[in-house]
Amino acid sequence: MKKLVIAIVAFCAIASYAQEKGAELTEAEKAAKKAQARQRMMEKTGGIIEKPGTGRIVIVNAQEKYSVQDIDAQVKKCNGAIRVKIDIEKGSWKFGDKVPAGANAAVFIVNDANLPLTLVAMEEQWGVLNVAKLEGNPRFNKALARVMIATLGAGVSQFKGSPMQTVKSVSDLDKLHSEGITFDALQSIMRNLQNLGVTQSRKTTYRRACMEGWAAQPTNSFQKAIWDEVHSIPKNPMKIQFDPKKGR
């Protein structure tokens, strides 16, 4: 134990001395040390390079309300997380159009008063963002992020037993192992339904339902007895007495 304490003290002393010496370095000396460190790193590793990924996503711009620069700014934010090839191309869209040739997925940006804010065809790998009702860049950025996230597979489950796997054709449905709702999807569904004002049913006793005030009229003698018991006027109702000393 004593040896360990001595070693720790010695290490702290060395570290403290190194910090003091480092603090005495001039800016030129610090720059030289940094350059030497980079030189050693380059000699040892050759530097950092990037291997291009495969496939590409296309953002098809079919509107003029928002500029290419507006689209590019949000695409770069998204690509900072997923790091895949995303191209922005000028084009058009009508219902029935598919992903452009050479692309693996596409998001079409349109301006059409007759369309909803977004459309996503999971099995066709395309989504549509309609900017007709959007005003301002913050809303546009958020809406584009939403449709990109949904189109690129945010709904695909991490569980192989879920029906929410990648499906590119009707025949791919035959490869799915289950029809059930897995836990990851269930959590998202219930949170979303609650936000929409939809709540789950729950089971309880008829007595509890009567006490909570939502039970239906009784349908049998057992329920009738409980209904009468819960809804009967108490024989000795609680009396509220005023205490002038306490003021209540």
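In what follows, the structure referred to is the one given above.
Caption draft 1: Broad picture of the pattern of salt bridges. Within the structure shown, the criterion is met by 12 salt bridges. With its nearest N and O atoms 2.8 Å apart, the salt bridge here joins Arg56 to Asp87. With a gap of 31 residues between them, Arg56 in the loop between α2 (27-45) and β1 (57-61) and Asp87 in strand β2 (residues 86-90) connect regions that are remote in the sequence. Asp87 shares its class with Arg56; the two are buried. We note a salt bridge from Asp97 to Lys94, for which the minimum N-O separation is 3.2 Å. Its relative accessible area of 55% is what places Lys94 among the exposed residues. Connected through shared salt-bridge partners, Arg56, Lys85, Asp87 and Glu89 make up one network.

Caption draft 2: Representation of the packing of helix α3 (residues 68-82) against helix α4 (residues 137-151) within the structure. Axis separation between α3 and α4 bottoms out at 10 Å; the angle between their running directions is 50°. Judged on the interaxial angle alone, α4 and α3 are oblique. The crossing of α3 and α4 is right-handed. For the pair formed by α3 and α4, the contact residues are Asp70, Ile71, Gln74, Lys77 and Cys78 on the first element and Asn137, Phe140, Asn141, Leu144, Ala145 and Met148 on the second. Partitioned by chemical class, the residues of the contact of α3 with α4 number 6 nonpolar, 3 polar and 2 charged.

Definitions and cut-offs
Position numbers for residues count from 1 along each chain, tracking the sequence in the order it is written. Totals for whole chains, interfaces and linings use every residue, but because this is a predicted model, local features are given only for residues with pLDDT of at least 70 and side-chain atom pairs only at 80 or more, for both listing and counting. To obtain the side-chain values, all non-hydrogen atoms of the structure were used and water was disregarded. In the sections that follow, a salt bridge refers to a side-chain nitrogen of Lys or Arg positioned within 4 Å of a carboxyl oxygen of Asp or Glu. Comment: elements are numbered from the N terminus, with helices defined as DSSP H or I runs of at least four residues and strands as E runs of at least two. Relative accessibility under 20% of the residue-type maximum defines a buried residue, over 50% an exposed one, and the middle range a partly exposed one, all with a 1.4 Å probe and only protein chains included. Angles run from 0 to 180 degrees between N-to-C directions of axes, and those axes are lines fitted to C-alpha atoms, restricted for helices to the stretch in contact. Reported orientations rely on four angle classes, namely roughly parallel under 35 degrees, roughly antiparallel over 145, roughly perpendicular from 65 to 115, and oblique for the rest. Handedness of a crossing follows from how the near helix is turned relative to the far one, being left-handed for an anticlockwise turn of less than a right angle and right-handed for a clockwise one. The contact rule is simple, with two residues in contact once any of their heavy atoms fall within 4.5 Å. Residues are grouped as follows: Ala, Val, Leu, Ile, Met, Phe, Trp, Tyr, Cys and Pro are nonpolar; Asp, Glu, Lys and Arg are charged; every other residue, Gly included, is polar.

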